[in-house]
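# Descriptive structure summary
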Amino acid sequence: MKLLPRCFAFYFFLAAAPALADAKKYEGQEAAALRCAHIMALTAVALSDAGGIGEAEKEVMLGISFLILDGHVSGTWAQKKAALEIVRDRRGVTDTLQDFERYAEQCLRDFPIN
């Protein structure tokens, strides 16, 4: 299964990649894709940490986040990571979890991963 190695790569990327990169400004659809990727990733980790989902479900959600970034956001991985950090800093955990409830289905429609 190709998705599982990508999930691990994405998780490692979020945890360890240096954020030093030339700044890239994202607008429009790419900015929306970044928000969706953030919603998926943060929700996966939060639900897993709270015992709401298992490790396999968390990895699937992180994989979805990775595929949204890979397929719908331009730039280097360092630029994408820096942009995700900006999104993360603008939205609290509670707000992001509420965003997941409101927008997860729309994210998957707007940014298909297959």
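Our structure's up above, just so we're on the same page.
Residues numbered from 1 in each chain as written. Predicted model: local features only at pLDDT ≥ 70, side-chain atom pairs only at ≥ 80, totals over all residues. Heavy atoms only, no water.

Right, let's get into the pattern of salt bridges. Evaluated as defined, the whole model comprises six salt bridges. The partner of lysine 25 in a salt bridge is glutamate 27, and the shortest N-O contact between them spans 3.5 Å. Each member of the pair lysine 25 and glutamate 27 is classed as exposed. A salt bridge links arginine 102 to aspartate 99; the nearest nitrogen and oxygen atoms lie 3.0 Å apart. In this pair, arginine 102 and aspartate 99 both sit in helix α5 (residues 93–110), three residues apart, roughly one turn of the helix. Under the relative-accessibility criterion, aspartate 99 is labelled buried at 9%. (Salt bridge = Lys/Arg side-chain N within 4 Å of Asp/Glu carboxyl O. Buried < 20%, exposed > 50% of the residue type's maximum accessible area, 1.4 Å probe, protein only. Helix = DSSP H or I, 4+ residues; strand = E, 2+ residues; numbered from the N terminus.)

Turning our eyes to something else, we now look at the state of the cysteines. Applying the stated rule across the entire model yields one disulfide. At a sulfur-sulfur separation of 2.0 Å, the disulfide partner of cysteine 36 is cysteine 107. A torsion of -75° about the S-S bond marks the disulfide between cysteine 36 and cysteine 107 as left-handed. Of this pair, cysteine 36 sits in helix α2 (residues 28–49) while cysteine 107 sits in helix α5, and the two are 71 residues apart along the sequence. Cysteine 36 sits in the buried class, given a relative accessible area of 7%. The buried category is assigned to cysteine 107, whose relative accessible area is 2%. (Disulfide = S-S within 2.5 Å.)

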